[in-house]
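Spelled out from the first residue to the last, the chains are:
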Amino acid sequence: MKRIGILSSHNGSGFDAIQKACEEKILDAQVVLVVSNNSTAKVLEKAESKNIPNFIINDKKYPNENLDKKITELMQEFKIDYIFLSGYMKKIEENLVKAFEDKIINSHPALLPKFGGKGMYGTNVHKAVIEAGEKESGCTVHFVNENYDEGKFILQAQVEVDKNETVESLEEKIKNLETKTIIEALKIIIN
Ligand SMILES: Nc1nc2c(c(=O)[nH]1)N[C@@H](CN(C=O)c1ccc(C(=O)N[C@@H](CCC(=O)O)C(=O)O)cc1)CN2
Ligand SMILES: NCC(=O)N[C@@H]1O[C@H](COP(=O)([O-])[O-])[C@@H](O)[C@H]1O
């Protein structure tokens with residue numbers, strides 16, 4: 001059974017989807033570790049409620065330390081096979097990327113390579129898509145390399161952008177799409 005570690009900065013909607021798929025035996029895996037850079041992240045409460053070990057790793061808690069080195073050590077201590085980025089807002093540094101080469105997976109809320117890169121996260125992405133007049137958007141599940149949103153694609157899925165689409169309505173559409181796409185992508189890799 002594969003061991004999954006989660007990195008998340010806020011709600012952990014991707015974590016929710018993965019945890020449910022593991023519980024329903026759709027994925028031959030278990031989430032055994034949750035790490036956040038945000039001490040108020042809802043994902044920490046969710047992990048606690050599932051008795052999943054969870055930790056805060058940020059500059060406030062570990063001033064003047066290499067945070068990605070600490071994340072690497074913790075993931076190795078928990079014998080993690082795959083790391084999933086569930087709305088994680090920090091750049092993964094090269095040391096962590098190299099330690100878990102082709103084992104770190106992210107879900108980006110757009111059809112990469114468009115609308116990716118620094119600054120492209122959360123509602124910023126949906127705002128840019130709508131302002132660009134795109135007729136479709138979607139999500140991209142991909143391996144993580146040392147640059148933002150440039151890793152090898154695993155799976156993409158699309159949704160239509162309606163004429164009267166709002167940032168909020170598009171965000172909801174894509175989060176629903178990700179719930180399925182993340183699991184389909186992990187099934188390709190894990191099962
Ligand atoms: N090495 C990599 N690290 C991360 C990747 C990646 O592909 N390679 N994906 C991101 C997730 N992400 C898009 O999917 C993303 C997240 C955040 C940003 C961004 O611009 N962040 C800001 C800081 C925001 C904050 O601290 O709240 C920044 O870097 O200035 C872009 C893309 C996760 N890590
Ligand atoms: N570029 C990274 C990015 O925008 N990630 C996005 O964060 C959301 C999860 O946040 P949540 O887990 O806090 O709901 C997801 O929609 C994901 O695509």
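As a convention, each chain's residues are numbered from 1 in the sequence order in which they are written. To read the labels, note that chains go from A and ligands from 1, taken in the order they are written. Owing to the predicted nature of the model, reporting of local features is limited to residues with pLDDT of at least 70; listing and counting of side-chain atom pairs is limited to 80 or more, with chain, interface and lining totals taken over all residues. The side-chain quantities take in all heavy atoms of the structure and omit both hydrogens and water.

The protein goes by Phosphoribosylglycinamide formyltransferase in an unreviewed UniProt entry, where it is assigned to Halarcobacter bivalviorum. UniProt positions are given in the numbering used here, feature names are shortened, and annotations may be inferred rather than shown by experiment. Recorded under Pathway (unreviewed entry), the UniProt text for the protein is reproduced unchanged: "Purine metabolism; IMP biosynthesis via de novo pathway; N(2)-formyl-N(1)-(5-phospho-D-ribosyl)glycinamide from N(1)-(5-phospho-D-ribosyl)glycinamide (10-formyl THF route): step 1/1." The Function (unreviewed entry) comment attached to the protein in UniProt states, word for word, "Catalyzes the transfer of a formyl group from 10-formyltetrahydrofolate to 5-phospho-ribosyl-glycinamide (GAR), producing 5-phospho-ribosyl-N-formylglycinamide (FGAR) and tetrahydrofolate."

A. Molecular detail of the site of ligand 2. Distances are taken per atom, and a residue is near a molecule or strand as soon as one of its heavy atoms is within 4 Å of it. Near ligand 2 you find 15 residues, and of these Gly-12, Ser-13, Gly-122, Lys-175 and Glu-178 are the closest. Under this definition, polar contacts are N or O atom pairs within 3.5 Å; protein pairs additionally need one hydrogen-donor-capable and one acceptor-capable atom, and for neighbouring residues in sequence, both atoms have to be side-chain atoms. Ser-107 places a main-chain nitrogen or oxygen 3.2 Å from an oxygen atom of ligand 2. Here an oxygen atom of ligand 2 sits 3.4 Å away from a polar atom, N or O, in the main chain of Pro-109. Protein chains bury 91% of the 450 Å² of accessible surface belonging to ligand 2 in isolation. The set of elements that each furnish at least two residues to the shell around ligand 2 consists of strand 5 (104-108) and helix 6 (167-190). Domain start and end points were adopted from an automatic or database domain assignment. Shared between two domains, the shell around ligand 2 takes at least three residues from each, and those domains are domain 1 (1-100) and domain 2 (107-191). For the accessible areas, the method is Shrake-Rupley and the probe is 1.4 Å, while residue cover comes only from the protein chains on display. Strands here mean DSSP runs of E at least two residues long; helices mean DSSP runs of H or I at least four residues long; both are numbered from the N terminus.

B. Geometry of the UniProt feature "site: Raises pKa of active site His" (unreviewed entry) in the protein. Per the UniProt entry, the sites bearing "site: Raises pKa of active site His" (unreviewed entry) are Asp-149 in this numbering. Its place among the elements puts Asp-149 in the loop between strand 6 (136-143) and strand 7 (153-160). With residues near it in sequence (within four places) discarded, Asp-149 still touches Asn-106, His-108, Leu-112, Gly-116, Gly-117, Met-120 and His-142. Throughout, a contact is declared for two residues whenever any of their heavy atoms are within 4.5 Å.

C. Quick peek at the site of ligand 1. Taken together, the neighbourhood of ligand 1 is formed by 20 residues, with Asn-106, Lys-118, Gly-119, Tyr-148 and Asp-149 sitting nearest. Within the side chain of Asn-106, one N or O atom sits 2.8 Å away from an oxygen atom of ligand 1. Note that an oxygen atom of ligand 1 is positioned 2.7 Å from one of the backbone N or O atoms of Asp-149. Isolated, ligand 1 exposes 710 Å² of accessible area, and the fraction of that covered by the protein chains is 84%. The class makeup of the residues in the shell around ligand 1 is 8 nonpolar, 7 polar and 5 charged. Split by domain, the residues of the shell around ligand 1 number at least three in each of domain 1 (1-100) and domain 2 (107-191). Gly counts as polar in this scheme, as do all residues outside two lists: the nonpolar Ala, Val, Leu, Ile, Met, Phe, Trp, Tyr, Cys and Pro, and the charged Asp, Glu, Lys and Arg.

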